[in-house]
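Here are the chains, one letter per residue:
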Amino acid sequence: MKTSKEKRNFIIIGGGLSGCLTLHCLYHHFPDKNILLIEKSERLCSPHTWSFHDSDIPEQQKNWLSPLISCSWSQYHVYFPEYERTLDTFYHSIRSDDLAKKTFDTQSQKIEILCATEANIESASTVRIGREILCADLVIDARGWTQLSGPLGFQKFLGLELELESFHTLTRPTLKDARVEQTDGYRFMYVLPWDETHLLVEDTYYSNSGELDFKKSESDILNYAKAKGWKVKSVLSREQGSLPLILSTQQPQLDSITVGARTCFYQPVTGYTFPQTLQTLQWLIPHLQNPFKTSELLNAQLQWLKQKKWKQQLYLFLNRMLFLSALPKDRYKVLQRFYKLSPELIHRFYAAQNKFFDFVRIFS
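Criteria and cut-off values
- Residues numbered from 1 in each chain as written.
- Predicted model: local features only at pLDDT ≥ 70, side-chain atom pairs only at ≥ 80, totals over all residues.
- Heavy atoms only, no water.
- Buried < 20%, exposed > 50% of the residue type's maximum accessible area, 1.4 Å probe, protein only.
- Helix = DSSP H or I, 4+ residues; strand = E, 2+ residues; numbered from the N terminus.
- Pairing = 2+ DSSP bridges.
- Expected span 1.5 Å × (residues − 1).
- Arc of directions from axis to C-beta.
- Polar contact = N/O pair within 3.5 Å; in protein donor to acceptor, adjacent residues only side chain to side chain.
- Phe/Tyr/Trp six-rings, centres within 6.5 Å; stacked < 30°, edge-to-face > 60°.
- Lys NZ or Arg CZ within 6 Å of the ring centre and 35° of its normal.

Visitor: What is the right way to look at the pairing of strand 15 (residues 198-207) in this model?
Guide: Sheet faces and side chains relate simply in a regular strand, where the side chains alternate between the two faces. Burial analysis of strand 15 places 10 of its 10 residues in the buried class, which makes it a mostly covered element. The alternating pattern of strand 15 places His 198, Leu 200, Glu 202, Thr 204 and Tyr 206 and Leu 199, Val 201, Asp 203, Tyr 205 and Ser 207 on opposite faces, both of which are buried. With 10 bridges joining them, strand 12 (residues 152-164) and strand 15 adopt antiparallel strand pairing. Looking at strand 15, one finds that Gln 155 is bridged to Tyr 206. Inspection of the sheet shows strand 14 (residues 186-195) paired to strand 15 by nine bridges, in the antiparallel sense. Within the sheet, the bridge partner assigned to Asp 195 lies in strand 15 and is His 198. Hairpin connection from strand 14 to strand 15: two residues lie between these consecutive antiparallel strands.

Structure below.
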């Protein structure tokens, strides 16, 4: 990875999901601009799979986002102890290895990617790497989670990519299979069929603790596969995570334009940042198409984020219901009832775009 000392149009700090999405979005809208992406680790995107509903994607974003999608399905299914349902809507996944490769493939005279463990944002237009200062028209912070205050819940998971000895016959993802033992909170298995003999199976918990017994979870995944009649040939890869789910309002401290989890603008009930990152980019692009001052742009983003707060309070109330009111073994009942609501309401929920009367319906 090489870089020059010339001034860039954009410098992106952070080469995870949000940083890579930001690079592709900027490259699509401003193909003549110079963009530098700085990542602290040796690789872009830690091992992960990011999935989302078609309704999570703003219409204006589909042109540049579609080539990044690894796999799509036209339906998905949910299972609960007393209820199951198929929803007829497209569901998509992006695999981290695919996103990293497609991001590296953009490198050119205009696009640079740099590994630098000591990159620090000095201002909304400068970055320090050791003793060197890099300048840009705009620095975009995509470094991920910042420190959160107050009590938290967690969505934690272990996922195994399984290679099977024979066909599994699945034609659609299983987003929730909550017919498993309800230990350590609301628990479900999540299954993505990559092809006829490859699956991603995740053991997922909505828990008051961020700790997960990975050895037991891996054993439970393999036993789940065995109960389904899937003969596992090998475990190809593992991915794990523990997403913080906030129970109270967080106040982001932004020193530059920011995308992703660091804005504290994400889906509080799932911990997912994907739809909100796309919404942030949709807000940002029109501002960059006209002359701007970095101070005025940063103030505009802070005001824009404040406008999102009232709706976030209603998601926080749902989190408090889930983690502070419902017994861990009974939490699945909240989601079981939720999945009986209209598909439109469900998909607005995942994008955190619910209307006021949606919340009335949810809470009633």
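Visitor: Looking at this model, I keep getting lost on helix 4 (residues 214-227). Mind explaining?
Guide: Count 3.6 residues to each turn of an α-helix, and residues three or four apart come out pointing the same way. The terminal C-alpha atoms of helix 4 lie 20 Å apart, and with 14 residues this matches the ideal 20 Å at 1.5 Å per residue to within 8%. Inspection of helix 4 places Ser 217, Glu 218, Asp 220, Ile 221, Tyr 224 and Ala 225 among the buried residues, and these make up the whole buried set. Buried residues along helix 4 cover an arc of 160° about the axis, so they all sit on one side. Of the exposed residues in helix 4, the ones pointing more than 90 degrees away from its buried face are Lys 215, Lys 226 and Ala 227. For helix 4, the side-chain oxygen to backbone nitrogen distance between the N-cap and Lys 215 is 3.3 Å, and the N-cap itself is Asp 213. Backbone geometry just downstream of helix 4 places Gly 229 in the positive-phi region, at approximately 85°.

Visitor: Where do I start with the packing of aromatic side chains in this structure?
Guide: Given two aromatic rings, their pairing is described by the distance between the two centres and the angle made by the two planes. In the structure shown here, the tally under the stated rule is 22 aromatic pairs. Consider the rings of Phe 338 and Tyr 339, whose centres lie 5.4 Å apart with planes at 85°: the pair is edge-to-face. Both residues of the pair, Phe 338 and Tyr 339, belong to the buried class. Where Phe 338 meets Phe 349, the ring centres are 4.7 Å apart and the plane angle is 55°; that geometry is what we call tilted. Separated by 11 residues along the polypeptide, Phe 338 in helix 8 (residues 332-338) and Phe 349 in helix 9 (residues 343-350) bring together distant segments of the chain. Phe 349 carries the same exposure label as Phe 338, and that label is buried. Joined through ring pairs, the aromatic side chains of Phe 80, Tyr 315, Phe 317, Phe 338, Tyr 339, Phe 349, Tyr 350, Phe 359 and Phe 363 make up one cluster. For Lys 156, the ring lying beneath its charged end belongs to Tyr 205, and the centroid distance is 5.8 Å. Positioned above the aromatic ring of Tyr 79 is the side chain of Arg 179, whose terminal nitrogen or guanidinium carbon lies 4.0 Å from the ring centre.

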